[in-house]
Amino acid sequence: MTSYLIDEILELTKDHKSRPFFEKALREIGEHVMAEEFGELKHQIRTGQVQNPAKYLTTLLKKRMVQAGGDKAKQDPPAVQEKIKTYFEETQLTLFSNFRPVKEEGEVDQGVMAVPYGKEIIPWATFISSSFFTLSTNKAKSDKVMAKFRTLDGDVSVVPLWRGRIKPGDRERGILTAEHAKVLAAIESLWVQQGCQRNKYPSGAVTCFCYVSIRDLAKALDWKSFSGQGLTWLTSMVYDLKTMPYYVDLSAMKLKNINGYGFSLLGDVELAEGKKRGQPETVLKVKFSTPLSVQLLERHAVSRPKELAHIHGELAFLIRLFIEPILIGLDGNEYNKTLADLIKELSLPAAGWHGHKGKRKQIFEKAVKELNAQKTADGRPIKVSIEKGLYDWMLSAKLGGEEKCIEVQVEEPAGQK
């Protein structure tokens, strides 16, 4: 079994005698996992942390082979998933610089990612947190919340995020809800299914794009049945992802020549209607925005299972977006948060039940019930409960024990098979 990925590894490491080992690793852990570890190697080289690239990569791959059950060598199995921080942008400056729009100038190079994401997962860009979405009960057309942005260098910036305005003082355009977030997750699933298509331009601009049949989108959301009215509603939700913007206020960070950025999650949406097998058919061509496209193509994303888009409750969805990165980083330890503090962390819209401990418990228990049916992309169950604290009820969460690792197959680009 050969791969262009192995050729890239050999070119970088100059360790041609290790080709048999790399081919074995490819068979046992799959191209998706191998590409992630190769990306980690390249990052460590850039930061000057690795002197022997071949030895470092071999160590990483052996650990992942043990995890997958393919290598019986005598060494302790590592945690099921490497630190989530490896999927973040390197620095605050590079993260926010990638929000900068670049003109799509010159002849377009249309193709797919060199190593597409595995088709059983949804790549969720790490910069898009629960702070980006609200509940449908929120009737405000815009607001301002404090959002956290983490990067590889260990920095965490808490900056104002205007939801529903392209810039402060602009007219209100509406705030995306958890329902929109589920639609975005389903669109990303379809993008992966179609091979992770992208456009590149000589100017440096990149955009991800895919074709979205509204009926296929409904199926990706696990809708069991849908009417014409439901499909029209779903089409409108996709357009909202283009028209309901954000503004990140960076003025307090003192970044050179950067005060803030306004952007949407989708850059463009085109619609075509017709018939398929005698039924009305709506197909959208969807382009992702610059910030989202860059993060996905640079693999600054965590793998979420396709079932992420199937979560029914909006509160359950927001809680999952919030706690999953924390739980992975805790490496099996428990996370606890009082419900009053969790309401603030999730920037939930004001509601009467926020001020009553008993009602807080009742509302969160409904969300927890659905979360306990969820698993991470590598098969570990998410275990969540509501426990009595000293002054308030608390959400208590942890990841279950190690389960069999899912091997995700990756499509090889044309001409590489």
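Everything below is about the structure printed above this text.
In this text the structure is predicted, and so the values were computed from the model without any measurement.

**Considerations on the overall build of the protein**
Part 1 of the argument: Across its full length, the protein holds 11 helices and 14 strands.
Part 2 of the argument: Residue burial in the protein is summarised as follows: out of 417 residues, 52% are buried.
Part 3 of the argument: Intrachain contacts of the protein at a sequence separation of at least 6 include 68% that bridge at least 24 residues.
Part 4 of the argument: Surface summary for the protein: the accessible area is close to 19,900 Å², and the carbon and sulfur share equals 49%.

**Section: the sheet that holds strand β12 (residues 335-338)**
Pairing between the strands of a sheet comes from backbone hydrogen bonds, and it takes one of two forms, parallel or antiparallel.
Part 1 of the argument: The strand order β12-β14-β13 describes an open sheet built from 3 strands, whose pairing is antiparallel. Of all the strands in the sheet, just β12 and β13 (382-388) have a single pairing partner and so form its edges. In this sheet, neighbouring strand axes are inclined to one another by 20° on average, regardless of whether the strands run parallel or antiparallel.
Part 2 of the argument: Where β13 and strand β14 (residues 393-399) come together, 7 bridges link them in antiparallel fashion. Note that in β14 the partner of S385 across the bridge is S396.
Part 3 of the argument: Against the sheet, helix α9 (residues 314-330) contacts β12, β13 and β14, and its axis sits at roughly 55° relative to β14.
Part 4 of the argument: Each of β13 and β14 touches helix α11 (residues 357-371); the most contacted strand, β13, lies at about 165° to it.

**So, the nonpolar core**
Part 1 of the argument: Formed by 96 residues in total, the largest nonpolar core has its most connected members in F133, I187, W191 and L217.
Part 2 of the argument: The residues touching F133, leaving out its near neighbours within four places in the chain, are W124, I128, R163, L176, T177, A178, A181, Y246, L265, L318 and L321.

**Description of helix α5 (residues 178-193)**
Part 1 of the argument: Over its 16 residues, α5 extends 23 Å from the first C-alpha to the last, a length consistent with the 22 Å expected when each residue adds 1.5 Å.
Part 2 of the argument: Where α5 starts, the residue carrying a side-chain oxygen 3.2 Å from the main-chain nitrogen of E179 turns out to be T177.

**A short note on a nonpolar patch on the surface**
Part 1 of the argument: There is a patch of nonpolar side chains on the surface, built from M146, V156 and V158 and spanning about 260 Å² of accessible area.
Part 2 of the argument: When you line up the elements, V156 lands in strand β4 (residues 156-163).

**Digging into the packing of aromatic side chains**
Part 1 of the argument: Summed over the entire model, instances satisfying the criterion amount to 17 aromatic pairs.
Part 2 of the argument: An angle of 55° between the planes, with centres 5.8 Å apart, marks the rings of W191 and F288 as tilted. One end of the pair, W191, is in helix α5; the other, F288, is in strand β10 (residues 279-288), with 97 residues separating them in the sequence.
Part 3 of the argument: An aromatic cluster is present here, built from F99, W124, F127, F132, F133, F149, Y246, Y261 and F263 joined pairwise through their rings.

Reading the values: rules and limits
Residues numbered from 1 in each chain as written. Predicted model: local features only at pLDDT ≥ 70, side-chain atom pairs only at ≥ 80, totals over all residues. Heavy atoms only, no water. Helix = DSSP H or I, 4+ residues; strand = E, 2+ residues; numbered from the N terminus. Buried < 20%, exposed > 50% of the residue type's maximum accessible area, 1.4 Å probe, protein only. Contact = heavy atoms within 4.5 Å. Areas by Shrake-Rupley, 256 points an atom, 1.4 Å probe, with all protein chains shown as cover. Pairing = 2+ DSSP bridges. Axes fitted to C-alpha atoms, helices over the stretch in contact; angles between N-to-C directions. Core = buried A, V, L, I, M, F, W, Y, C linked by side-chain atoms within 4.5 Å. Expected span 1.5 Å × (residues − 1). Polar contact = N/O pair within 3.5 Å; in protein donor to acceptor, adjacent residues only side chain to side chain. Patch = residues over 30% accessible without salt bridge, like charges linked within 9 Å, V, L, I, M, F, W, Y side chains within 5 Å. Salt bridge = Lys/Arg side-chain N within 4 Å of Asp/Glu carboxyl O. Phe/Tyr/Trp six-rings, centres within 6.5 Å; stacked < 30°, edge-to-face > 60°.

By themselves, these observations are geometric and do not establish any function.
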